[in-house]
Amino acid sequence: IAYAASIGGKNLNKEDYNSFIENLKSFSAISVREILAREEIYKLTGVRPQIVLDPTLLMDKDFYLKQISDRFKRKNYILVIDLEKNNLLQYCAKRIEQETKLPIINVSSAYYKYATNTFSVSPSDWVGAIYYAKYLVVNSFHGLAFSILFEKNFYFVNKKKKSGNNRALDL
């Protein structure tokens, strides 16, 4: 059984079809996280999997609050989670900074001269940074999911390659 399988938000390569078809035969049940995955599997097998929640959304806010670290426990900051150096996302973050005078913390893998860049974060640090942020500007699915879960003020900016962010768009 495969629960909440994902194909990474991309269409499958035609070269991989035979391998997928062969491997999918060994499953008695498959559920997926995004519409694109359901349609791709349907094209290959004729079976349309059920779409289910991403596993991070199965737990409630209280579960995660027991897991987070206090590393980013400040009263006010803007958190940036940018997976692709998106100019629109950066513009939004800087605009919020100008309007609120709050500092920007970046936990993305890219360096930004306008932010405090923190690259070494554990999962509990990362989720804690979202929880303690006053505002978030994100283009990642999990940044979006935790922003919603924690009822935060957030801006979601879609990735430049829309096909790479299907879970977020489906959510």
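Residues numbered from 1 in each chain as written. Predicted model: local features only at pLDDT ≥ 70, side-chain atom pairs only at ≥ 80, totals over all residues. Heavy atoms only, no water.

Engineer: Sorry if this is basic, but what is going on with the pattern of salt bridges here?
Structural biologist: Any two side chains of opposite charge can pair, so long as their charged atoms come close to each other. Under the defined criterion, the tally for this structure stands at 9 salt bridges. In this structure, K25 and E22 form a salt bridge, with 3.7 Å as the shortest nitrogen-oxygen distance. By the burial criterion, K25 is exposed, and E22 matches it. When salt bridges that share partners are traced, they join R33, E34, D54 and R167 into one network. (Salt bridge = Lys/Arg side-chain N within 4 Å of Asp/Glu carboxyl O. Buried < 20%, exposed > 50% of the residue type's maximum accessible area, 1.4 Å probe, protein only.)

Engineer: How do you make sense of the sheet that holds strand β2 (residues 30-32) when you look at a structure like this?
Structural biologist: Sheets are built from strands that pair by backbone hydrogen bonding, the pairs being arranged parallel or antiparallel. Spatially, β1-β2-β3 is the arrangement adopted by the 3 strands of the open sheet, whose pairing is parallel. On the outer flanks of this sheet lie β1 (2-5) and β3 (50-51), each paired with one strand and no other. One ladder, built from 2 bridges, connects β2 with β3; its direction is parallel. Looking at the pairing, V32 lines up with I51 of β3. Its contacts with the sheet place helix α2 (residues 35-45) against β2 and β3, and it is angled at close to 140° to β2. (Pairing = 2+ DSSP bridges. Helix = DSSP H or I, 4+ residues; strand = E, 2+ residues; numbered from the N terminus. Contact = heavy atoms within 4.5 Å. Axes fitted to C-alpha atoms, helices over the stretch in contact; angles between N-to-C directions.)

Engineer: Honestly, the layout of surface pockets in this entry has me stumped. Any pointers?
Structural biologist: A water-sized probe rolled over the atoms picks out the places where empty space is left. Approximately 150 Å³ is the volume found for the largest pocket. Each residue belonging to the lining of the largest pocket can be placed in one class, and the counts come to 8 nonpolar, 2 polar and 1 charged. (1 Å grid on protein atoms, 1.4 Å probe; cavity = no way out; pocket = protein on both sides within 12 Å on 5 of 7 lines; lining within 4 Å. Points joined across faces, edges and corners; volume = space filled by probe spheres on them. Nonpolar A, V, L, I, M, F, W, Y, C, P; charged D, E, K, R; others polar.)

Engineer: Would you take a moment to explain the pairing of strand β7 (residues 135-138) for this structure?
Structural biologist: Consecutive side chains along a regular strand alternate between the two faces of the sheet. Two strands pair when backbone bridges link them, and strand β4 (residues 78-81) and β7 are joined in this way by 4 bridges, in the parallel orientation. Pairing of V80 across the sheet is with V137, part of β7. Looking at chain direction, β7 and strand β8 (residues 153-156) are connected through 4 bridges and run parallel. What sits directly across from L136, in β8, is F154.

Engineer: Explanation requested: the confidence of the model for the protein chain in the structure shown.
Structural biologist: When pLDDT drops low, the exact placement of atoms in the prediction is not to be read closely. The share of residues in the protein chain with pLDDT of 70 or more is 96%, and the mean pLDDT across the chain is 90. Within the protein chain, no element has a lower average pLDDT than helix α7 (residues 166-170), which sits at 79, and none a higher one than β7, at 98. (pLDDT = per-residue confidence, 0-100.)

Engineer: Can you help me understand the nonpolar core in this one?
Structural biologist: In summary, soluble globular proteins display a tendency toward joint burial of nonpolar side chains. Ranked by size, the top nonpolar core spans 23 residues in total, and within it Y77, L79, I130 and F146 carry the most contacts. The set of elements that each furnish at least two residues to this core consists of β4, α5 (123-132), β7 and α6 (141-149). If you look at the next biggest cluster of nonpolar residues, it comprises 14 residues, including A93, I96, L102 and V157. (Core = buried A, V, L, I, M, F, W, Y, C linked by side-chain atoms within 4.5 Å.)

Engineer: Help me out: how do you make sense of the packing of aromatic side chains in this one?
Structural biologist: Here the distance between the centres and the angle between the planes together describe a pair of aromatic rings. Counted under the stated rule, the structure contains 7 aromatic pairs. What links up through ring pairs into an aromatic cluster is the set F63, Y64, W126, Y131, Y132, F146 and F150. Directly above the ring of Y131 sits K152, whose terminal nitrogen or CZ lies 5.7 Å from the centroid. Taking the ring centre of F141 as reference, the NZ or CZ of R167 above it sits at 4.9 Å. (Phe/Tyr/Trp six-rings, centres within 6.5 Å; stacked < 30°, edge-to-face > 60°. Lys NZ or Arg CZ within 6 Å of the ring centre and 35° of its normal.)

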